[in-house]
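# Observations on the model geometry
Each chain is listed here by its residues.
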Amino acid sequence: MKLESLSFEVRHRSHWEALDLGTLFAKRWYGRLCLCWLLLAAPIFLLLFVLLFEHPFWAIFVFWWLKPLFERIPLLFLSTSVFGEVPTRPQVMTNIQRALRPGLIRTLTIRRLSPVRSFETPVVLLEGIN
């Protein structure tokens, strides 16, 4: 990744400016972010509801429990998009396996209910630090 190709100015920001910047990124790539999320979440959602049709509560519960897995794909998409390299759909599909590997068991057990999960996920996924 080249720092000179960043799509924003690197500088110290207030909390509100950082939130605004994140909102602008999500707004810019909204359709692609939704597609990234759906590529993994929709098949699992359908599979759960087919398998657990008689027990919709458990289908919803398992889908909710797997939510940290679905957050990883949009995070990978945004991490490359801010450097001007917007991934295509085939690139996103190949990144799904890369996104699910690091810390999978820990993400679904110990870190699942952790209040700092949203801060740890980018470090684990993008930096490779478990």
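Description of the structure in this document.

### A short note on the overall build of the protein
A tally of helices and strands in the protein yields 7 helices and 0 strands. In the protein, the order of α-helices and β-strands from amino to carboxyl end is α-α-α-α-α-α-α. Along the first, second and third principal axes, the C-alpha atoms of the protein reach 55 × 30 × 25 Å. With 130 residues in all, the protein has 31% of them scored as buried. Considering only intrachain contacts with a sequence separation of at least 6, the fraction spanning at least 24 residues in the protein is 67%.

### So, the environment of histidine 15
Topologically, histidine 15 is positioned in helix 1 (residues 15-28). With a relative accessible area of 73%, histidine 15 lands in the exposed category. For the pair histidine 15 and proline 122, spaced 107 residues apart in sequence, the C-alpha separation works out to 18 Å.

### Some details on the nonpolar core
The biggest cluster of nonpolar side chains holds 23 residues, and the ones touching the most others in it are Trp29, Phe70, Ile73 and Phe77. Contributions of two or more residues to this core are made by helix 1, helix 2 (30-51), helix 3 (56-65), helix 4 (67-81) and helix 5 (89-100).

### Focus on the packing of aromatic side chains
Across all of its chains, the model carries 13 aromatic pairs by this definition. Judged by centre distance (5.2 Å) and plane angle (75°), the ring pair of phenylalanine 45 and phenylalanine 63 falls under edge-to-face. With a gap of 18 residues between them, phenylalanine 45 in helix 2 and phenylalanine 63 in helix 3 connect regions that are remote in the sequence. According to the relative accessible area criterion, phenylalanine 45 is partly exposed, its value standing at 36%. Take phenylalanine 63: its relative accessible area is 17%, and that puts it in the buried class. Over the ring of tryptophan 29 we find arginine 28, and its NZ or CZ is 5.1 Å from the ring centre. Sitting over the ring of tryptophan 65, arginine 112 keeps its end group 5.4 Å from the ring centre.

### Notes on helix 7 (residues 117-127)
Within the span of helix 7, buried status applies to Arg117, Thr121, Val124 and Leu125. In a view along the axis of helix 7, the buried residues occupy a sector of 85°, so they form one face of it. Of the exposed residues in helix 7, those oriented more than 90 degrees away from the buried face are Phe119 and Glu127. On its buried face, helix 7 sits against helix 4 and helix 5. Within two residues after helix 7, glycine 128 carries a phi angle of roughly 75°, on the positive side.

### Topic: helix 2
For helix 2, built from 22 residues, the straight-helix expectation of 32 Å at 1.5 Å per residue is met to within 8% by its first-to-last C-alpha distance of 31 Å. Considering bend angle alone, the principal kink of helix 2 is centred on leucine 38 and spans about 40°. In this structure, the buried side of helix 2 is in contact with helix 1, helix 3, helix 4 and helix 5.

Definitions and limits used
Residues numbered from 1 in each chain as written. Predicted model: local features only at pLDDT ≥ 70, side-chain atom pairs only at ≥ 80, totals over all residues. Heavy atoms only, no water. Helix = DSSP H or I, 4+ residues; strand = E, 2+ residues; numbered from the N terminus. Buried < 20%, exposed > 50% of the residue type's maximum accessible area, 1.4 Å probe, protein only. Contact = heavy atoms within 4.5 Å. Core = buried A, V, L, I, M, F, W, Y, C linked by side-chain atoms within 4.5 Å. Phe/Tyr/Trp six-rings, centres within 6.5 Å; stacked < 30°, edge-to-face > 60°. Lys NZ or Arg CZ within 6 Å of the ring centre and 35° of its normal. Arc of directions from axis to C-beta. Expected span 1.5 Å × (residues − 1). Bend = angle between axes of the 7 residues up to and from the residue.

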